Amino acid sequence: MTGSQEKIQADTSHPENAVEALLLRLWHRRSEPGAATEVTEELLTMTRSAPNLDQVEFHLPQFAHLVIHIAEDVPETAVLERFILAVCQVSTHIALQYFWIVYAVLEENNPKHKSDGGAARVYRRCAE
């Protein structure tokens, strides 16, 4: 394990940085098989407390970016989608925020509204 990975691993012990540290670990290891499953399992256990749920809400745009824009880089995108859906079931507020993030990306990449045809891949990903 490199020094940066050890630092990311160590930061999960601090509750105020735990979600951010796990998100960074996921980003650094996004192409490794099993990394998304490992991180989302930790995130699911953490989101049972309100402070950690607030951290997930704070980092929701980053989670959405991972699921929408770089799904090809994360072999286990379905695991991330299930994590986000589980969090949305716990918090209607987060569910609405996630909806508006996805809707904004969908509208931004709509081929009917863009002269260049929009980003068809991103549009299809959001429409799924």
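Everything below is about the structure printed above this text.
The numbers attached to residues start from 1 for each chain and follow its sequence in the written order. Note on the predicted model: pLDDT of at least 70 is required for a residue's local features to be given, and 80 or more for side-chain atom pairs to be given and counted; whole-chain, interface and lining totals, by contrast, use all residues. Computation of side-chain values covers all heavy atoms of the structure but excludes hydrogens and water.

With respect to the side chain of Q55
Here a strand is any run of E in DSSP of at least two residues, a helix any run of H or I of at least four, and the numbering for each starts at the N terminus. Secondary-structure assignment places Q55 in helix α4 (residues 50–58). The class for Q55 is buried, based on a relative accessible area of 12%. A distance of 3.1 Å separates a polar atom in the side chain of Q55 from the backbone nitrogen of V19. Classification of residues uses two cut-offs on accessible area relative to the type maximum, computed with a 1.4 Å probe and protein chains only: under 20% is buried, over 50% is exposed, and between them is partly exposed. The definition of a polar contact used here is a pair of N or O atoms within 3.5 Å, where within protein one atom must be able to donate a hydrogen and the other to accept one, and adjacent residues in sequence count solely through side-chain atom pairs.

Quick word on the layout of surface pockets
To find leftover empty space, a probe the size of one water molecule is rolled over the atoms. In this structure, the largest pocket occupies an estimated 210 Å³ of space. A 1.4 Å probe that fits into a set of points on a 1 Å grid over the protein atoms alone but cannot get out defines a cavity; an open set with protein on both sides within 12 Å along at least five of seven lines defines a pocket, and lining residues are those with an atom within 4 Å of a point. Lining the largest pocket we find V67, I68, E81, I84, L85, Y98, V102, R125, C126 and E128. At the level of elements, α5 (60–68), α6 (77–90), α7 (92–108) and α8 (120–127) are the ones that each hand at least two residues to the lining of the largest pocket. Considering each element in turn, the lining of the largest pocket owes the most residues, 3 residues, to α6. The residue inventory of the lining of the largest pocket, partitioned by class, reads 7 nonpolar, no polar and 3 charged. Grid points are joined across faces, edges and corners, and a volume is the space filled by probe spheres set on the points. Residues were grouped as follows: Ala, Val, Leu, Ile, Met, Phe, Trp, Tyr, Cys and Pro as nonpolar; Asp, Glu, Lys and Arg as charged; and all remaining residues, including Gly, as polar.

Quick word on the pattern of salt bridges
Salt bridges, as used here, are contacts in which a Lys or Arg side-chain nitrogen is within 4 Å of a carboxyl oxygen on Asp or Glu. Scanning the model with the defined rule gives 4 salt bridges in all. Between E38 and R25 there is a salt bridge whose closest N-O contact spans 3.1 Å. On the criterion of sequence distance, the pair formed by E38 in helix α3 (residues 35–46) and R25 in helix α2 (residues 18–28) is long-range, its members being 13 residues apart. Judged by its relative accessible area of 4%, R25 falls in the buried class. Residue R29 pairs with E32 through a salt bridge whose shortest N-O separation is 3.0 Å. R29 sits in the buried class, given a relative accessible area of 16%. Look at E32 and you get partly exposed, because its relative accessible area is 32%. A single salt-bridge network, built from bridges that share partners, covers R25, R29, E32, E38 and E42.

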